[in-house]
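So the chains spell out like this:
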Amino acid sequence: MAQLPNINENFAEWYNEIVYQSELADLAPVKGCIVIRPYGWAIWENIKTVLDKRIKETGHQNAAFPLLIPESFLKKEASHVEGFSPELAVVTIAGGKKLEEPLVVRPTSETIIHYMFARWLKSYRDLPIKINQWCSVVRWEMRTRPFLRTTEFFWQEGHTAHETLEQAEAEAKMMMQEFVNLAHNYLAIPVITGQKSETEKFAGADKTYTYEAIMQDGKALQMGTSHLISQNFAKVFNMVYQDREGKTAYPHLTSWCGATTRLIGAVIMTHGDQKGLILPPKIAPIQVVIVPIFKSENKEQVLSVAQKIKKDLINCNVSVELDDDENKTPGTKFYHWELRGVPVRIEIGQRDIEKNQAVIADRLGTKNSVNLDQICAEIQKTLDDVQQKLFERAKAKLQSHWFKKAKLTEFVADLDSKGGAYQTGWCQNKECEAKLKEYKATIRCLLPERTFDVCFNCDKKSITDIIVAKAY
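Residues numbered from 1 in each chain as written. Predicted model: local features only at pLDDT ≥ 70, side-chain atom pairs only at ≥ 80, totals over all residues. Heavy atoms only, no water.

J.: I'd like a rundown of helix α1 (residues 11-21), residues and numbers included.
T.: Those residues of α1 not exposed but buried are Phe 11, Trp 14, Tyr 15, Asn 16, Ile 18, Val 19 and Gln 21. Check the buried side of α1 and you find it contacts β1 (25-27), α8 (262-271) and α10 (330-339). (Buried < 20%, exposed > 50% of the residue type's maximum accessible area, 1.4 Å probe, protein only. Helix = DSSP H or I, 4+ residues; strand = E, 2+ residues; numbered from the N terminus. Contact = heavy atoms within 4.5 Å.)

Okay, here's the thing in structure tokens:
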């Protein structure tokens, strides 16, 4: 395999090469699309399994809605269609005939789901409605990058309806916290949370909550969002019900998407190094790889012990691979599994067997010998340590990229030279926000605090602190 580009000199190329060399994905024949290969899909399935369990435990049910949406549905809510128009893929011919009404390939499902909510909702007794969908969506991107921004990608989208605004807002905030827990406890990625500005919020939402991460190159990545949806959607789809007083009412809606295949890109860029991927053990398809080291005269004994270790680890609920390929050297195997980010490697040879031990090497560089009788306990401890160390290391990197600056003139040059997240004050004037566009930066989120007295751009009083950064 070709050597990876230098992570510090060409981060973008380093990222692309990791995606392809570690067999996470491959280029598709359709512009802007990728094929997610089995190893990449296994990572996605592990992320999906974790979040799907929590979605169900918090009272939601999974359902499936059509891929094709009548174009008129999107046009019902003005700001919604305006926000998505440049990204839409539209079907105009089907069955060899021109369609009477064009069908939009799903960019998101608010409209079709709200249409169905209107059919199902009759009384306050039907509330809350709490639905989630796992699917793919299509958004016609001009500039694509594997996992981070592709024409088609996979995600979950939750949609709920509630009696009161307070219930809806509590729902949106609860799900945001679930997404943060996923990032912290499984992806080992520390995040910044807050509310999107009016300019940056979801098209058609009253409020958008977001969780943002800062990658190793100093750029921000929006990991996911949770929205308090405008009642306009309920009104345009005639989503009415009889309330507790017998009057006609409109429900309060939410929409939230905290997990997309973009999260795989986030893991790569947060944890990877010059050797390749580093996968947090809790989402790694292969948590441990066993590399037996043998010669022809001791092959059977070494392989027999390696097989026993594998069996013991499987019984301990560890995902394990035994690499007994005789056509590759141990060094070649080490390189291969390090590139693919396997958290822990076990090396076992004749000398180790004679001492009733094996060598454990984790992906962060720690290496030691352990007794074979304690292999399960030692592996579990090592996996836990790697998971925790990855989070702590990423947290330290985030702090090193997080700066507090009072004025744009103090950090505008750094946005280009070293990136980073800049906490500053804002008067909430759109003209000041637009000034950031000149430097290809945006307000990533509004923070629930106020430490600056004056706006970053003008001399007006600051209303809230914000995070400014360049983003993927």
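Following the structure, the description resumes.
J.: Before we move on, can you summarise the nonpolar core with the specific residues and values?
T.: In this structure, Phe 147, Leu 187, Tyr 211, Met 223 and Ile 268 are the most contacted members of the largest nonpolar core, which totals 57 residues. Counting residues in each nonpolar core, the second largest holds 26 residues, with Phe 73, Ala 118, Tyr 241 and Leu 253 among its members. (Core = buried A, V, L, I, M, F, W, Y, C linked by side-chain atoms within 4.5 Å.)

J.: How would you sum up the sheet that holds strand β15 (residues 288-293)? Please name residues and give values.
T.: Here we have five strands laid out as an open sheet, ordered β16-β15-β17-β18-β19, and mixed in their pairing. In the strand order of this sheet, the two ends are held by β16 (320-322) and β19 (367-371), each with one partner. For this sheet, the mean inter-axis angle between neighbouring strands, taken without regard to orientation, is 25 degrees. Bridge count for strand β17 (residues 344-349) against strand β18 (residues 357-362) is four bridges, and the pairing is antiparallel. Bridge pairing in β18 places Arg 345 opposite Ala 361. In the packing of α10 onto the sheet, the strands contacted are β15, β16 and β17, and the crossing angle to β15 comes to about 175 degrees. Along the sheet, helix α12 (residues 375-400) contacts β15, β17, β18 and β19; its crossing angle with β18, the most-contacted strand, is approximately 10 degrees. (Pairing = 2+ DSSP bridges. Axes fitted to C-alpha atoms, helices over the stretch in contact; angles between N-to-C directions.)

J.: I'd like a description of the sheet that holds strand β4 (residues 68-70), backed by residues and values.
T.: With antiparallel pairing, the three strands of this open sheet are ordered in space as β4-β6-β5. A single partner strand is all that each edge strand has here, and the edge strands are β4 and β5 (90-94). Here the average twist between neighbouring strands, direction ignored, is 50 degrees. When β4 meets strand β6 (residues 97-105), the two strands line up antiparallel, connected through three bridges. For Ile 69, the partnering residue across the bridge sits in β6 and is Val 104.

J.: Can you lay out the side chain of Asp 352 for me, pointing to particular residues and giving the numbers?
T.: Along the chain, Asp 352 turns up in helix α11 (residues 350-354). As a buried residue without a salt bridge, Asp 352 has its nearest oppositely charged side chain in Lys 355, at a separation of 6.4 Å. Of the polar contacts made by the side chain of Asp 352, one reaches the backbone nitrogen of Gly 349; its length is 2.9 Å. The contact partners of Asp 352, leaving out residues within four places of it in the chain, are Glu 347, Gln 357, Ala 358 and Val 359. (Lys, Arg positive; Asp, Glu negative; His and termini not counted. Salt bridge = Lys/Arg side-chain N within 4 Å of Asp/Glu carboxyl O. Polar contact = N/O pair within 3.5 Å; in protein donor to acceptor, adjacent residues only side chain to side chain.)

J.: Got a sec to walk through the packing of aromatic side chains? Specific residues and values, please.
T.: Per the stated rule, a full pass over the model turns up twelve aromatic pairs. When the ring of Trp 41 is compared with that of Phe 154, the centres are 5.0 Å apart and the planes differ by 80 degrees; the resulting orientation is edge-to-face. Here Phe 154 lies in strand β8 (residues 152-162) and Trp 41 lies in helix α2 (residues 38-57), a separation of 113 residues in the sequence. On the basis of relative accessibility, which here comes to 28%, the residue Trp 41 falls in the partly exposed class. (Phe/Tyr/Trp six-rings, centres within 6.5 Å; stacked < 30°, edge-to-face > 60°.)

J.: Lay out the state of the cysteines with the relevant residues and their values.
T.: Following the criterion strictly, the structure yields one disulfide and no others. Disulfide partner of Cys 316: Cys 376, at an S-S distance of 2.5 Å. Taking the sign of the S-S torsion, 100 degrees for the link of Cys 316 and Cys 376, the bridge is right-handed. Of this pair, Cys 316 sits in the loop between α9 (299-315) and β16 while Cys 376 is found in helix α12, placing the two residues 60 residues apart along the sequence. Residue classification places Cys 376 among the buried residues on the basis of a relative accessible area of 19%. Cysteine Cys 257 is unpaired, with the sulfur of Cys 135 as its nearest cysteine sulfur at 8.6 Å. Residue classification places Cys 257 among the buried positions, given a relative accessible area of 10%. Among the cysteines around Cys 427, which has no disulfide bond, Cys 455 carries the closest sulfur, lying 3.7 Å off. (Disulfide = S-S within 2.5 Å.)

J.: Please set out empty space enclosed by the protein residue by residue, giving values where relevant.
T.: Overall, the coordinates contain one cavity of 30 Å³ or more when judged by the stated rule. Approximately 60 Å³ is the volume found for the largest cavity. By residue number, the principal contributor to the lining of the largest cavity is α12, which donates three residues. By residue class, the composition of the lining of the largest cavity is six nonpolar, two polar and one charged. (1 Å grid on protein atoms, 1.4 Å probe; cavity = no way out; pocket = protein on both sides within 12 Å on 5 of 7 lines; lining within 4 Å. Points joined across faces, edges and corners; volume = space filled by probe spheres on them. Nonpolar A, V, L, I, M, F, W, Y, C, P; charged D, E, K, R; others polar.)

J.: An account of the pattern of salt bridges is requested, with residue identities and associated values reported.
T.: Side chains that differ in charge, positive against negative, can pair when their charged atoms come close. Inspection of the entire model under this criterion finds 28 salt bridges. Of the charged contacts in the structure, one is a salt bridge between Lys 437 and Glu 200, with a shortest N-O distance of 3.3 Å. Of this pair, Lys 437 sits in the loop between α14 (430-435) and β22 (442-446) while Glu 200 sits in the loop between β9 (192-195) and β10 (205-214), placing them 237 residues apart in sequence. Residue classification places Lys 437 among the partly exposed residues on the basis of a relative accessible area of 47%. Here Lys 247 makes a salt bridge to Glu 245, at a shortest N to O gap of 3.8 Å.

J.: Quick one: what's the story with the pairing of β19, residue by residue and with numbers?
T.: Where β18 lies against β19, five bridges are found, and the strand directions are antiparallel. Pairing of Ile 360 across the sheet is with Asn 368, part of β19. Where β18 folds back onto β19 in an antiparallel hairpin, the turn is made up of four residues, including Gly 365, whose phi is positive at roughly 110 degrees.

J.: Just give me the short version of the pairing of β6, but keep the residues and values in it.
T.: The pairing of β5 with β6 spans four bridges and is classified as antiparallel. Bridge pairing in β6 links Ala 94 to Lys 97. Hairpin connection, β5 to β6: the antiparallel pair is bridged by two residues, and Gly 95 has positive phi, about 60 degrees.

J.: Break down the environment of His 227 for me, citing the residues and quoting the values.
T.: Here His 227 is to be found in strand β11 (residues 220-229). Between the alpha carbons of His 227 and Asp 206 there is a distance of 7.5 Å; along the sequence they are 21 residues apart. Leave out the neighbours within four places in its chain, and His 227 touches Ala 172, Phe 202, Ala 205, Lys 207, Thr 208, Leu 253, Thr 254, Ser 255 and Trp 256.

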